[in-house]
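Listed below, chain by chain, are the residues.
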Amino acid sequence: MAIFSLTSPILAIETTCDETACAILSPEGAILAETVHTQSGHAALGGVVPEIAARAHLALLPDIVAETLEKSGLALAEIGAFAACTGPGLIGGLIVGSNYAKGLAVALDRPFLAVNHIEAHALTARLPGLFAHDIKFPYLLLLVSGGHCQCIAVKGIGDYEKLGGTIDDAAGEAFDKVAKMLGLGWPGGPALEKLAREGRSDAVALPRPLMGREGCDFSFSGLKTAVARQIAPYGMEALPRPVAADIAASFQRCVCDVMADRARHALALLPGAQSLVVAGGVAANGAIRAALEALAGEAGIPFVAPPLRFCTDNAVMVGWAALEMIRACQDAGQALEDGIPTAPRPRWPLTEMLPPGSAM
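Residues numbered from 1 in each chain as written. Predicted model: local features only at pLDDT ≥ 70, side-chain atom pairs only at ≥ 80, totals over all residues. Heavy atoms only, no water.

Trainee: I'd like a rundown of helix H10 (residues 316-331), residues and numbers included.
Mentor: Between its first and last C-alpha atoms H10 spans 23 Å; for 16 residues at 1.5 Å apiece the expected length is 22 Å, and the two agree. Most of H10 is tucked away, with 13 of its 16 residues classed as buried. Where H10 ends, the next residue or the one after it, Gly333, has phi of about 65°, a positive value. (Helix = DSSP H or I, 4+ residues; strand = E, 2+ residues; numbered from the N terminus. Expected span 1.5 Å × (residues − 1). Buried < 20%, exposed > 50% of the residue type's maximum accessible area, 1.4 Å probe, protein only.)

Structure representation (structure tokens):
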């Protein structure tokens with residue numbers, strides 16, 4: 001196979017959870033158009049229902065792709081390549097998004113690129129135009145979302161090392177569950193952060209799991225249990241708002257302290273880190289950002305937090321990861337592998353990826 005060089009825009013699709021998204025990027029990474037639709041029907045069910053999410057992706061995706069093409073002013077025939085996340089994520093959504101992109105690629109005889117969802121988050125900070133300076137390798141990524149909580153050493157395209165991760169719940173899951181205990185509904189993260197502003201972060205004594213221990217793994221299960229014990233004396237009664245606010249603020253402070261501590265340990269495992277990068281939906285939390293920014297300042301390295309719309313799931317990050325992959329293959333003098341046979345994978349560890357040019 002000849003070495004592939006992209007000279008036309010790329011169309012990318014993201015359907016790993018409850019966002020149905022499409023984006024079109026120029027070969028240089030400029031965003032020509034994007035559309036993101038967040039499914040709202042799951043709130044009444046207390047969380048994302050995979051089968052309902054997959055059916056919604058199937059119904060929404062054709063119109064979202066058409067809308068994105070219209071925004072860009074391009075015809076489908078002008079697209080040079082297609083990309084989609086094929087894992088990790090909810091299998092139904094992965095099947096819908098990847099098969100739709102593959103179908104377009106086959107119909108137009110264009111390349112298809114299978115993108116790892118976590119890699120897409122990891123590389124978002126390098127998207128052109130986001131920051132005044134280039135984000136260079138290596139850097140530490142703290143990925144915090146509803147499904148992931150990991151410290152990842154990003155050494156290059158396809159070259160990643162997981163330094164630590166959650167041994168039970170992800171940070172976003174913990175936020176949602178505590179918010180539910182406080183009667184805030186779902187998704188709970190933004191509502192809990194808002195309520196926490198009314199409370200005192202030192203009002204309730206709560207544990208900080210694994211804080212100070214070696215390594216950079218996370219655990220939030222015990223913290224959730226401690227919150228439940230604080231609420232238990234009120235039985236079925238609604239919590240007085242000042243009490244709920246104090247619990248929310250104290251819980252959020254614990255998570256911030258743990259995040260900063262675990263990231264500090266991770267930086268010690270990655271000497272020469274050029275930046276501390278945070279991504280994922282929980283990265284939208286202002287208190288967590290402030291704690292990590294302070295840590296980066298202590299370490300003397302830049303703190304890099306993409307704009308909020310690029311922290312949550314989106315298709316721009318998928319397209320950019322595919323472009324990074326294409327460029328890395330070109331630089332290595334390696335033919336771009338045809339991703340069409342790639343099956344969706346609900347689990348796809350970054351450690352199973354290889355940088356372009358490495359021995360298979």
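Trainee: Outline the sheet that holds strand E8 (residues 159-165), listing residues and values.
Mentor: Overall, mixed pairing links the five strands, which are arranged E8-E7-E6-E9-E10 in an open sheet. Every interior strand has two partners, whereas the edge strands, E8 and strand E10 (303-304), have only one. By the bridge criterion, two bridges tie strand E9 (residues 276-279) to E10 in an arrangement that is parallel. Counted as the bridge partner of Leu276 is Phe303 from E10. Its contacts with the sheet put helix H7 (residues 241-268) on strand E6 (139-144), strand E7 (149-156) and E8, and the angle it makes with E6 is roughly 150°. (Pairing = 2+ DSSP bridges. Contact = heavy atoms within 4.5 Å. Axes fitted to C-alpha atoms, helices over the stretch in contact; angles between N-to-C directions.)

Trainee: Any chance you could break down the pattern of salt bridges for me, citing the residues and the numbers?
Mentor: Under the criterion given, the structure shown has 16 salt bridges. Residue Glu173 is joined to Lys177 by a salt bridge in which the shortest nitrogen-to-oxygen separation is 2.8 Å. Placement of both Glu173 and Lys177 in helix H4 (residues 171-181) is noted, with a separation of four residues, approximately one turn of the helix. One salt bridge in this structure joins Glu352 and Arg345, with 2.6 Å as the shortest N-O distance. Since its relative accessible area comes to 29%, Arg345 is described here as partly exposed. Three or more residues are tied together by salt bridges with common partners; here these are Arg126, Glu324 and Arg327. (Salt bridge = Lys/Arg side-chain N within 4 Å of Asp/Glu carboxyl O.)

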